[in-house]
Amino acid sequence: MCIGVPMQIIEILPSCARARSRSGEHIVDTALVAGIEPGSWVMVFLDAAREIISEEAAEQSANALEALEMAMQGKSGFDHLFADLVGREPQLPDHLKPAPEENT
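Residues numbered from 1 in each chain as written. Predicted model: local features only at pLDDT ≥ 70, side-chain atom pairs only at ≥ 80, totals over all residues. Heavy atoms only, no water.

Caption draft 1: Here's a closer look at the overall build of the protein. For the protein, the count of helices and strands is one helix and five strands. Moving toward the C terminus, one meets the helices and strands of the protein in the order β-β-β-β-β-α. Of the contacts made within the protein by residues no fewer than 6 positions apart, 34% connect residues no fewer than 24 positions apart. Taking the 7 positively charged and 17 negatively charged side chains of the protein as two groups, their mean positions are separated by 6 Å. (Helix = DSSP H or I, 4+ residues; strand = E, 2+ residues; numbered from the N terminus. Contact = heavy atoms within 4.5 Å. Lys, Arg positive; Asp, Glu negative; His and termini not counted. Charge placed at Lys NZ, Arg CZ, Asp CG, Glu CD.)

Caption draft 2: Inspection of helix H1 (residues 55-72) at higher detail. Taking 1.5 Å of rise per residue, the 18 residues of H1 would be expected to cover 26 Å, and the 26 Å separating its terminal C-alpha atoms lies within 8% of that figure. What H1 keeps buried is the set Ala58, Ala62, Asn63, Leu65, Ala67 and Met70. Buried positions along H1 lie against strand S1 (5-13), strand S4 (41-45) and strand S5 (48-53). Of the residues flanking the end of H1, it is glycine 74, one or two places downstream, whose phi is positive at about 80°. (Expected span 1.5 Å × (residues − 1). Buried < 20%, exposed > 50% of the residue type's maximum accessible area, 1.4 Å probe, protein only.)

Caption draft 3: Layout of the nonpolar core. The biggest cluster of nonpolar side chains holds 10 residues, and these are Met7, Ile9, Ala17, Ala19, Val28, Val33, Ile36, Val42, Val44 and Ala49. Sequence-distant contacts of valine 33, defined by excluding residues within four places in its chain, comprise Ala49, Arg50, Glu51 and Ile52. (Core = buried A, V, L, I, M, F, W, Y, C linked by side-chain atoms within 4.5 Å.)

Caption draft 4: Focus on unusual backbone geometry. Phi angles above zero are rare outside glycine, and serine 15 is one such case at about 60°. Note on placement: serine 15 falls in the loop between S1 and strand S2 (16-21). Among the residues examined, serine 15 registers a relative accessible area of 61% and is labelled exposed. At aspartate 47, a position not held by glycine, the phi torsion is positive, near 65°. A residue is classified by how much of its surface remains accessible, and aspartate 47, at 47% relative accessible area, is partly exposed.

Caption draft 5: Examining the environment of aspartate 84 more closely. On the secondary structure map, aspartate 84 appears in the segment after H1. Residues aspartate 84 and isoleucine 53, spaced 31 residues apart in sequence, show a C-alpha to C-alpha distance of 17 Å.

Caption draft 6: Seen up close, the pattern of salt bridges. If you walk through the whole model with that rule in mind, you get four salt bridges. Where glutamate 25 meets arginine 18, a salt bridge forms, and the shortest distance between an N and an O atom there is 2.7 Å. For arginine 18, a relative accessible area of 25% translates into the label partly exposed. Between lysine 97 and aspartate 94 there is a salt bridge, with the nearest N and O atoms lying 3.3 Å from each other. Looking at aspartate 94, the relative accessible area reads 63%, which means it is exposed. One salt-bridge network, held together by shared partners, links Glu11, Arg18 and Glu25. (Salt bridge = Lys/Arg side-chain N within 4 Å of Asp/Glu carboxyl O.)

Caption draft 7: Layout of a negative patch on the surface. Where like charges cluster on the molecular surface, the negative patch consists of Glu55, Glu56, Glu59 and Asp84. With relative accessibility at 40%, the residue aspartate 84 sits in the partly exposed group. (Patch = residues over 30% accessible without salt bridge, like charges linked within 9 Å, V, L, I, M, F, W, Y side chains within 5 Å. Areas by Shrake-Rupley, 256 points an atom, 1.4 Å probe, with all protein chains shown as cover.)

Treat this as a map of the structure, not an account of what it does.
Spelled out as structure tokens, the structure:
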């Protein structure tokens, strides 16, 4: 299993970039994405940027990773890291919702 890590681009280098994550600075391969600029957020898998993401998506992903680390350490109390989900009813994607019944 491969887990994506959100990182913010600090500096563009030839065929790669220097990026910052919660764990520090990294050099990431940028061959798979175009239009990266300093300040851009990217999702990184195995030291390769795979897509440009929004700052909001980066924050949500970083929060989920922090909650995962807490759970692995046997800690609880990480509801605040899922503020966008707490108190919300689960929603099925449209393609999984039952078809509306037709009146005959």
